[in-house]
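# Structure assessment
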Amino acid sequence: MSTFGDQAKSKMTVAIEHLKEKLKAIRTGRANPGMVETVTVDVYGSQMRVKDLASITTPESRQLLITPFDMNNKAAIAKGIEKANLGFMPIVDGNVIRIKIPQMDERMREEMKKVCHKEGEDCKIVIRNHRRDANEHVRKQKKDGTVSEDEMKRCEKEIQDLTDKFCKEADDLVSKKEKEVSTI
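Residues numbered from 1 in each chain as written. Predicted model: local features only at pLDDT ≥ 70, side-chain atom pairs only at ≥ 80, totals over all residues. Heavy atoms only, no water.

Scanning the model with the defined rule gives 19 salt bridges in all. When the shortest N-O distance is used, the salt bridge between Lys 20 and Glu 17 registers 3.4 Å. With Lys 20 and Glu 17 both in helix H1 (residues 3-24) and three residues apart, the pair spans about one turn of that helix. A residue is classified by how much of its surface remains accessible, and Glu 17, at 41% relative accessible area, is partly exposed. The salt bridge involving Glu 121 is made with Lys 124; its shortest N-O contact spans 3.3 Å. With Glu 121 and Lys 124 both in helix H5 (residues 106-144), this residue pair falls three residues apart, about one helical turn. The class of Lys 124 is buried, set by a relative accessible area of 9%. (Salt bridge = Lys/Arg side-chain N within 4 Å of Asp/Glu carboxyl O. Helix = DSSP H or I, 4+ residues; strand = E, 2+ residues; numbered from the N terminus. Buried < 20%, exposed > 50% of the residue type's maximum accessible area, 1.4 Å probe, protein only.)

Attention shifts here to the sheet that holds strand E4 (residues 63-68). Overall, antiparallel pairing links the four strands, which are arranged E3-E4-E6-E5 in an open sheet. Lying at the two open borders of the sheet, with one neighbouring strand each, are strand E3 (54-60) and strand E5 (90-93). Mean inter-strand twist for the sheet, computed between neighbouring axes without regard to direction, equals 25 degrees. Of the strand pairs in this sheet, E5 and strand E6 (residues 96-100) are connected by four bridges, and their pairing is antiparallel. In the strand pairing of E6, Pro 90 is matched with Ile 99. Here helix H4 (residues 74-83) sits on the sheet and contacts E3, E4, E5 and E6; the angle it forms with E5, its principal contact strand, is near 170 degrees. (Pairing = 2+ DSSP bridges. Axes fitted to C-alpha atoms, helices over the stretch in contact; angles between N-to-C directions. Contact = heavy atoms within 4.5 Å.)

Among the secondary structure elements, Thr 163 is positioned in helix H6 (residues 149-182). Within the structure, Thr 163 has its side chain in polar contact with the backbone oxygen of Ile 159 (distance 2.8 Å). Setting aside anything within four residues of it in sequence, one finds Thr 163 in contact with Met 12, Ile 127, Arg 128 and Arg 131. (Polar contact = N/O pair within 3.5 Å; in protein donor to acceptor, adjacent residues only side chain to side chain.)

Quick look at H4 now. The complete set of buried residues in H4 reads Ile 77, Ala 78, Gly 80 and Ile 81. Along the long axis of H4, the arc covered by the buried residues comes to 160 degrees, so they all point the same way. In H4, the exposed positions that point more than 90 degrees away from the buried face belong to Ala 75, Lys 79 and Lys 83. Phi turns positive, to about 55 degrees, at Asn 85, one or two residues after H4. (Arc of directions from axis to C-beta.)

This is the structure we're talking about:
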């Protein structure tokens with residue numbers, strides 16, 4: 001693989017990883033720690049993510065259990081989750097925070113599918129932008145005389161193959177998540 005292909009591949013891999021993180025936060029019919037992991041909470045004079053402040057588990061299919069590492073932060077964590085407007089209310093119960101995940105209706109499922117689709121399209125746009133940048137870089141090298149015509153064509157094909165592979169991976173991730181959202 002050429003250096004152009006390596007650079008494009010690493011940037012496209014980052015885009016896919018970002019998509020995975022975004023999809024993890026999308027609500028499904030089941031409780032999932034990813035739903036609240038990235039919620040930011042104002043503690044210790046700064047903004048921190050819930051996953052950095054507490055352990056998040058799913059004792060039941062429709063319940064999240066958040067156990068703060070520092071019990072003094074439980075009210076701040078509950079308030080942060082409430083402010084995030086995710087559609088559920090945290091309940092401080094002793095030293096833990098419980099969140100009951102309500103049943104999703106059909107309208108909500110369709111809305112979540114649209115969000116999944118939008119995230120997938122955004123990821124593919126980023127991948128295509130990386131393809132454009134890599135191709136421009138190869139063409140500039142050709143113009144400067146450091147790369148031959150054949151080498152340029154080979155690199156462009158390699159970059160297009162990577163683009164196709166990563167766009168398909170994004171589509172697969174989105175369809176898997178949409179199926180998960182549709183499952184009752």
